[in-house]
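Close look at the chain arrangement
The primary structure of each chain is shown beneath.
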Amino acid sequence: MEVFWFIAGNWASIVELALEHITIVGVAVGFAIVAGVPIGIAITQNQSIANAVLYIASIIVTIPSIALFGLMIPILSTIGHGIGWLPAVIAILLYSLLPIIRNTHTAITNVDPALREAARGMGMTSMQRLTRVEIPIAVPVIMAGVRTAVVMNIGVAAIAAYIGAGGLGVLISRGISQTDPRQLITGAIAVSLLAIFADWTLLKLQKLLTPSGLTH
Amino acid sequence: MIQLENLTKTFETPRGVVVAADKVNMTVPTGEICVLLGPSGCGKTTALKMINRLIRPTSGRILINGEDTADRNTIELRRQIGYVIQQIGLFPNMTVEENICVVPRMLGWEAKPAKARAAELIDLVGLDPHHFLYRYPKELSGGQQQRIGVIRALAADPPVMLMDEPFGAIDPINREIIQNEFLKMQATLKKTIMFVSHDIDEAVKMGDKIAIFRGGRIEQYDTPDRILSHPVNAFVADFVGADRTLKRLRLVTAEMIADPGTPAVARGARPQEALQAAKAHGGRTVIVIDANHRPVAYATVEELSGAHGTVGDFAHPLPATVPARADLRAVVSEMFANDVMWLACTDDQGRFAGVVTQPAVTAMLGQSSGQPLTN
Ligand SMILES: Nc1ncnc2c1ncn2[C@@H]1O[C@H](COP(=O)(O)OP(=O)(O)OP(=O)(O)O)[C@@H](O)[C@H]1O
Ligand SMILES: [Mg+2]
């Protein structure tokens, strides 16, 4: 009940924090898509490079987020952004690379070789093959990678409140430091709801982007 | 015209060097279908893919209409060669129409004529454009997909077509139907076609010429009839099968060996007239035709000699007739089914067109040259 009154009384600031949260994850994953999809496509050309890249990307994911934030403080301090929004975005971008690169790589490599051969034999250039055949067919799997990245990093972004990035994590960290269960619970619920909502929205988007010929 | 000159391809594999094509020489004249035939792994696909440079030859040349394909831009070359792969390979993310329009659009056609072309081609293979143009490949049956695969290759009207077991992934009945459709189209389109098959029956049916491969070499390159009647060695004879003589039945139609001179008379004719006609022809049977010239019955010389009344009084109904266009396999089958030594043939309008006899069939098969008898 108290939580309810807290939410009702602080509705505006909760929404503001949620928007901050969405912005951090959105910007970071957005850049991760811009970087990760081309990387995922490029590494299909060479299996050993692909293995190396995927290995590095999975090592990054194993670094605990707190440690990653800590690592970035001295580096980004040199440009005056040791804490705050920028390190949060960079950390989430790095975490997002693995699912996006991996799914892109898998999806493109799994395109039926017969389709690739038909496309080549019909006289498509490698660019045409990519944009007209391989990427459209890979879209559902790439989008699944994006979803994974978003859901996983909504949690990471909550921790970024500790380095002053803002977002819903602020409620949680304040709840802990002020021993205020209302804020703590509100923050936890809000983060979970955001994750569920994001997953659902992205699933809809994934269906929308999937070529109709590929749906079942 | 497609010319292969000393075409050779070797693959370096961990288990050693594989020679997939070994100094292959052959010429496919413009407008003909050449079938590459042979057991699995003999190099048919490799030979085919070297033509559109999906595989680079190790040595040797390929000329299309006299021009060395190595000197041409590979992308442009491929756009001018229709290519049908065995796995069909329709793009699942595109509609049937989009699939067919791929090459025309890459060649710079406007959307409108490309779409019109797609509709025209769909119609040509007996599918309803309204129904099929906007469907996706997964919504088509195997046979329909195969047809679309073929017309996609035909879309930009390429003079040369490469077809790798194009009717492989389909049941025998539908395969026969599509083969016939394709031959009908080819009769007007006159493409120069390289066609891979591992099925001797298909090769005999589709090919103007057949090249039999073994281990990357051509064992024999000849007309279907020559391959069946004169296999050059035991391998070819074995490959085409012990029933190769019977297979030749497919190469000849009833009209090619029918005797059109067999007398035909109306029911109302007098026996005397019929006898005279039979005598002039030298046979022992007359065919009785109806008012529309359709063969309906027959009578023998023995029954008619000294008889009175009309021919109709002595006639027996014909047990069966065959279309003059039918191949001899169908004719012989009909003869055996009805236990008769001869059958009357009919033309497209059902009119009497002559008589095929078992001796004529045997004589045709016995001919060493394979040139059918022409009476
Ligand atoms: N990329 C490759 N690398 C190594 N060897 C190959 C390669 N492609 C084909 N070969 C070998 O070359 C030979 C000819 O292969 P090809 O695919 O042309 O046979 P095919 O006559 O088409 O057989 P099938 O009827 O099974 O399709 C085979 O021994 C095959 O193993
Ligand atoms: Mg093959």
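Within every chain, residues take consecutive numbers counted from 1 along the sequence as written. Chain letters and ligand numbers both follow the written order, the letters beginning at A and the numbers at 1. Two thresholds apply to this predicted model, a pLDDT of at least 70 for residue-level local features and 80 or more for giving and counting side-chain atom pairs, whereas whole-chain, interface and lining totals are computed over all residues. Each side-chain value is worked out from all heavy atoms of the structure, with water and hydrogens disregarded.

1. Describing the UniProt feature "transmembrane region" (unreviewed entry) in chain A
All names here are of chain A. UniProt positions are given in the numbering used here, feature names are shortened, and annotations may be inferred rather than shown by experiment. Here, the residues flagged by UniProt with the feature "transmembrane region" (unreviewed entry) are residues 21-41, 53-76, 82-101, 130-146, 152-172 and 184-203. Taken as a whole, residues 53-76 contains 92% helix and 0% strand, while its terminal C-alpha atoms sit 24 Å from one another. The span residues 184-203 shows a helical share of 100% and a strand share of 0%, and its end C-alpha atoms are spaced 29 Å apart. Secondary structure elements follow DSSP: runs of H or I of four or more residues count as helices, runs of E of two or more count as strands, with numbering from the N terminus.

2. Comments concerning the UniProt feature "domain: ABC transporter" (unreviewed entry) in chain B
Sequence positions flagged by UniProt for "domain: ABC transporter" (unreviewed entry) are, in local numbering, residues 2-240 of chain B. Note that residues 2-240 of chain B is 39% helix and 27% strand, and that its end C-alpha atoms are spaced 25 Å apart.

3. So, the site of ligand 1
Residues and elements named next belong to chain B. Taken together, the neighbourhood of ligand 1 is formed by Phe 11, Thr 13, Val 18, Ala 20, Ser 40, Gly 41, Cys 42, Gly 43, Lys 44, Thr 45, Thr 46 and Glu 165. Take Gly 41: an N or O atom from its main chain is 2.8 Å from an oxygen atom of ligand 1. Whenever two N or O atoms come within 3.5 Å, that pair is a polar contact, provided that in protein one can donate a hydrogen and the other can accept it, and provided that, for residues adjacent in sequence, both atoms are side-chain atoms. Cys 42 places a polar main-chain atom, nitrogen or oxygen, 3.2 Å from an oxygen atom of ligand 1. About the coverage of ligand 1: the protein hides 61% of its 640 Å² of free accessible area. Those elements that place two or more of their residues in the shell around ligand 1 are strand E1 (2-13), strand E2 (16-28) and helix H1 (44-51). Ranked by the residues each element gives to the shell around ligand 1, the list is headed by H1, at three residues. Charged residues are taken to be Asp, Glu, Lys and Arg, nonpolar residues to be Ala, Val, Leu, Ile, Met, Phe, Trp, Tyr, Cys and Pro, and polar residues to be all remaining types, Gly included. Residue composition of the shell around ligand 1, by class: four nonpolar, six polar and two charged. Whether a residue is near a molecule or strand is decided by its heavy atoms; if any one of them lies within 4 Å of it, the residue is near. For the area figures, the Shrake-Rupley method with a 1.4 Å probe applies, and any residue is considered shielded solely by the protein chains shown.

4. Quick word on the UniProt feature "domain: ABC transmembrane type-1" (unreviewed entry) in chain A
Taken from the UniProt record, the annotation "domain: ABC transmembrane type-1" (unreviewed entry) applies to residues 18-206 of chain A. Helix makes up 83% of residues 18-206 of chain A and strand 0%, with an end-to-end C-alpha separation of 23 Å.

5. A closer look at the packing of aromatic side chains
Ring pairs shown here join Phe, Tyr and Trp side chains whose ring centres sit within 6.5 Å, with only the six-membered ring taken for Trp; geometry is labelled stacked below 30 degrees between planes, edge-to-face above 60, and tilted in between. Per the stated rule, a full pass over the model turns up five aromatic pairs over all chains. Plain terms: the ring middles of A:Phe4 and A:Trp5 are 5.6 Å apart, the flat faces sit at 75° to each other, and that makes the pair edge-to-face. Across the pair, exposure class does not vary: A:Phe4 and A:Trp5 are exposed alike. Seen in terms of ring centroids, B:Phe235 and B:Phe239 are 6.2 Å apart; in terms of plane orientation they differ by 25°. Their pairing is stacked. Here B:Phe235 and its partner B:Phe239 are both found in helix H10 (residues 234-240), four residues apart, which amounts to about one turn of the helix. Buried means the residue's accessible area, taken with a 1.4 Å probe over protein chains only, is under 20% of the maximum for its type, while exposed means over 50%, and partly exposed covers the values in between. Judged by its relative accessible area of 18%, B:Phe235 is buried.

6. Some details on the side chain of A:Ser96
All names here are of chain A. If you trace the backbone, Ser 96 turns up in helix H5 (residues 85-109). A relative accessible area of 0% means that Ser 96 is categorised as buried. The residues contacting Ser 96, other than those within four sequence positions of it, are Val 29, Ala 32, Ala 149 and Asn 153. Residues are treated as being in contact if the distance between any of their heavy atoms lies within 4.5 Å.

7. Some thoughts on the domain arrangement of chain B
Domain annotation of chain B identifies domain 1 (2-243) and domain 2 (254-366). A domain assignment, automatic or from a database, supplies the domain bounds used here. Relative to domain 2 of chain B, the C-alpha centre of domain 1 of chain B lies at a distance of 43 Å.

8. Some words on a nonpolar patch on the surface
All names here are of chain A. Patch members must show over 30% relative accessible area and no salt bridge, and they are joined within 9 Å when carrying like charges or within 5 Å when they are nonpolar side chains of Val, Leu, Ile, Met, Phe, Trp or Tyr. Put simply, a salt bridge is a Lys or Arg side-chain nitrogen that is within 4 Å of an Asp or Glu carboxyl oxygen. On the surface, a cluster of nonpolar side chains totalling about 670 Å² of accessible area is made up of Tyr 162, Ile 176, Leu 184, Ile 185, Ile 189, Leu 193 and Ile 196. The element that contributes the greatest number of residues to the nonpolar patch is helix H9 (residues 181-209), accounting for five residues. For Ile 185, the location among the structural elements is in helix H9.

9. Comments concerning helix H4 (residues 111-124) of chain B
All names here are of chain B. Expected helix span is taken as 1.5 Å per residue step, with the number of steps being one fewer than the number of residues. Given a rise of 1.5 Å per residue, 14 residues ought to cover 20 Å, and the 20 Å separating the end C-alpha atoms of H4 matches this to within 8%. Here H4 has its buried residues at Ala 114, Arg 117, Ala 118, Leu 121 and Ile 122. Looking straight down H4, one finds its buried side chains confined to an arc of 130°; they lie on one side. The outward face of H4, more than 90 degrees from its buried face, is lined by the exposed residues Lys 112 and Asp 123. The inward-facing, buried residues of H4 abut helix H3 (96-106), helix H5 (129-132) and helix H6 (142-154). Taken from the residues just after H4, Gly 126 is the one with a positive phi, measuring 75°. By construction, the arc corresponds to the directions joining the helix axis to the C-beta atoms.

10. Re helix H8 (residues 169-177) of chain A
Residues A:Gly169, A:Val170, A:Leu171, A:Ser173 and A:Gly175 constitute the buried set of H8(A). A positive phi of about 40° marks A:Thr179, the residue just after H8(A).

11. Description of the sheet that holds strand E9 (residues 209-214) of chain B
Residues and elements named next belong to chain B. If you trace the six strands from one edge of the open sheet to the other, you get E6-E7-E8-E3-E9-E10, paired in mixed fashion. Either end of the sheet is taken by a strand with one partner, and the two such strands are strand E6 (81-84) and strand E10 (217-222). The mean angle between the axes of side-by-side strands here comes to 15°, regardless of whether they run parallel or antiparallel. Where strand E3 (residues 33-37) meets strand E8 (residues 192-197), five bridges bridge the pair, whose relative direction is parallel. Each bridged residue has a counterpart across the sheet, and for Val 35 the counterpart in E8 is Phe 195. Strands pair, by our definition, only if DSSP identifies at least two bridges between them. Orientation is described by axes fitted as lines to C-alpha atoms, over the contacting stretch for helices, and by angles from 0 to 180 degrees between their N-to-C directions.

12. Digging into empty space enclosed by the protein
Put plainly, a pocket is an open set of points on a 1 Å grid over the protein atoms alone with protein on both sides within 12 Å along at least five of seven lines, a cavity is a set where a 1.4 Å probe fits but cannot get out, and a lining residue has an atom within 4 Å of a point. Grid points are joined across faces, edges and corners, and a volume is the space filled by probe spheres set on the points. If you walk through the whole model with that rule in mind, you get two cavities of 30 Å³ or more. When its volume is computed, the largest cavity comes out at roughly 80 Å³. If you go around the largest cavity, the residues you meet are A:Gly121, A:Met122, B:Arg78, B:Arg79, B:Ile81, B:Gly82, B:Tyr83, B:Val103, B:Arg152, B:Ala153, B:Ala156 and B:Pro158. Residue assignment for the lining of the largest cavity shows that the elements contributing at least two residues are helix H2 (74-79), E6 and H6 of chain B. For the lining of the largest cavity, the element with the highest residue contribution is E6(B), accounting for three residues. Taken together, the residues of the lining of the largest cavity break down into seven nonpolar, two polar and three charged. The space that makes up the second largest cavity amounts to roughly 40 Å³. Taken together, B:Val125, B:Arg147, B:Val150, B:Phe167, B:Ile178, B:Glu181, B:Phe182 and B:Met185 form the lining of the second largest cavity. Mapped onto the lining of the second largest cavity, the elements with two or more residues apiece are H6 and helix H7 (172-189) of chain B.

13. Examining the side chain of B:Lys191
All names here are of chain B. Within the secondary structure layout, Lys 191 lies in the loop between H7 and E8. Among the polar contacts made by the side chain of Lys 191, one reaches the side chain of Asp 157 at a distance of 2.4 Å. Filtering out sequence-adjacent residues up to four positions away, Lys 191 remains in contact with Gly 31, Glu 32, Leu 154, Asp 157, Pro 158, Pro 159, Met 161 and Gln 186.

14. Quick notes on the interface of chain A and chain B
The interface of chain A with chain B comprises 21 residues on the first partner and 23 residues on the second. A quick way to say it: buried area is the sum, across both parts, of accessible area lost when two parts are put together, with a 1.4 Å probe. Interface of chain A and chain B: buried area, both sides summed, is about 1,900 Å²; carbon and sulfur atoms make up 63% of it. Two residues, B:Lys49 and A:Glu117, come together in a salt bridge whose shortest N-O distance is 3.1 Å. Scanning the region where chain A abuts chain B turns up eight residue pairs in polar contact (both at pLDDT 80 or more). Only helix H6 (113-121) and helix H7 (126-159) of chain A provide two or more residues apiece to the side of chain A that touches chain B.

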